[in-house]
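For reference, the chains in residue letters:
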Amino acid sequence: MLYGILAATSALLLAAVLTAVLRVAALRLGIVDRRWRRPMPLSGGVAMVAATCGVAFVGDWRGVTPLGPDVGRLLVAGAGVALLGLVADVRRVKARFLVGGTAVAAACVVPYEETGVAAGLLAAGWIVFVALGFKALDHADGLAGTVGVVTAFGAGACAAAEVMDGLAVLLSVLAAALTGFLMHNWHPARAGLGACGALFTGFVLASAAVTTRAGQELGSGAGVLFALTAVVSADVVLVVLARLLSGRPLLRAAPDHLGHRLRRLGLTPQGASVVLGVAAFGGVLVAVLVHLGWIAATGALWVAGGVLVVVLALLRVKSGSAPRPVSTQVRGQLRVRNG
């Protein structure tokens, strides 16, 4: 217990410091997100991944909280996915490579001996879906980090209930590292998560949830997994439906996500993140209660119904046009100013 608190505190401080230190390097090297009207340095993802992996591996090396072979393999696969995301942050990478690389990593962490091959393949596909969903959720200041923290606590509670101590500690360290990153990502953000951090967060959370639910009844398991990631699922479904109905390419970036539409309804950037964070907490709470057996598995259907209502309501909100890219001259001026 004492080490868990110490590990979480160390991860929080390390992520906060590393994000600030690497921010200058990201600006100088041009590792920025150009979707914004200002260049957003993508130092947060590297810092958060380094803090999570570093603290978790030190605890395992010292023997205080042994991760075990399964959790260790999960963390190594997550680091590989983060490295793939970092490549995508530095240079343009086609979507199929991100999907393929994440799918290979997911296939390596699914416990097939407990899930079976068919359910295991479905679980691997779900891990890929959540990882890419978190990447898409990183479209507003503080949003992906807030949802990630809430989900990590929920998945950690499920792991603790199953006496998976190594997995529970890993998730608490991840939540703490995301909190440290959020110190720089809350609006107006000074650093972004990027594909590196977003893919890592989604991958670790989804893989941990699959590991926790492995070997249990398939229907209730699917309900718990969905409720844990209800906001991510809502964002993906909303974007896909909106683009299909309007005849726009699915992979072309546009301001049509949850956060964008809530902003058009009058919410501030902070307000949109808080509202979606509260929504994520509601889904996570249902997932934990179902996992503990305190409510029926049908409770997840209420979460699904809520997601459907929100998606249909927000489809009526016009998505607007995509933000203009920052010019090279403006990027250079801001880089000099912030460097």
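Refer to the structure above for everything that follows.
This write-up is about the structure you can find in this document. If you're wondering where the values come from, they're calculated on a predicted model, not measured in any experiment. (Residues numbered from 1 in each chain as written. Predicted model: local features only at pLDDT ≥ 70, side-chain atom pairs only at ≥ 80, totals over all residues. Heavy atoms only, no water.)

**Brief notes about the packing of helix 2 (residues 43-61) against helix 8 (residues 165-185)**
- Where helix 2 contacts helix 8, the two axes come as close as 9 Å, and the packing angle between them is 150°. The orientation of helix 2 relative to helix 8 falls into the category roughly antiparallel. With respect to the hand of their crossing, helix 2 and helix 8 are arranged in right-handed fashion. From helix 2, Gly 44, Met 48, Ala 51, Thr 52, Val 55 and Ala 56 reach across to helix 8, where they touch Leu 170, Val 173, Leu 174, Ala 177, Leu 178 and Phe 181.
- Within the contact of helix 2 with helix 8, the residues separate by chemical class into 10 nonpolar, two polar and no charged. (Axes fitted to C-alpha atoms, helices over the stretch in contact; angles between N-to-C directions. Helix = DSSP H or I, 4+ residues; strand = E, 2+ residues; numbered from the N terminus. Parallel < 35°, antiparallel > 145°, perpendicular 65-115°, else oblique. Left-handed = near helix turned anticlockwise from the far one by under 90°. Contact = heavy atoms within 4.5 Å. Nonpolar A, V, L, I, M, F, W, Y, C, P; charged D, E, K, R; others polar.)

**Considering the state of the cysteines**
- In this structure the tally under the stated criterion is zero disulfides.
- Of the cysteine sulfurs around Cys 53, a residue in no disulfide, the closest is that of Cys 196, at 9.2 Å.
- For Cys 53, a relative accessible area of 11% translates into the label buried.
- Note on Cys 108: no disulfide assigned, nearest cysteine sulfur contributed by Cys 53 at a separation of 16 Å.
- Here Cys 108 falls in the partly exposed class, since its relative accessible area comes to 44%. (Disulfide = S-S within 2.5 Å. Buried < 20%, exposed > 50% of the residue type's maximum accessible area, 1.4 Å probe, protein only.)

**Remarks on helix 14 (residues 299-314)**
- End to end, helix 14 covers 23 Å across 16 residues, agreeing with the expected 22 Å (1.5 Å per residue, within 8%).
- Where helix 14 is concerned, the buried positions are Gly 299, Ala 300, Val 303, Val 307, Val 311 and Leu 314. Down the axis of helix 14, the buried side of the element spans an arc of 125°, and every buried residue falls inside it. Opposite the buried face of helix 14, by more than 90 degrees, sit the exposed residues Leu 301, Trp 302, Leu 308 and Val 309. (Expected span 1.5 Å × (residues − 1). Arc of directions from axis to C-beta.)

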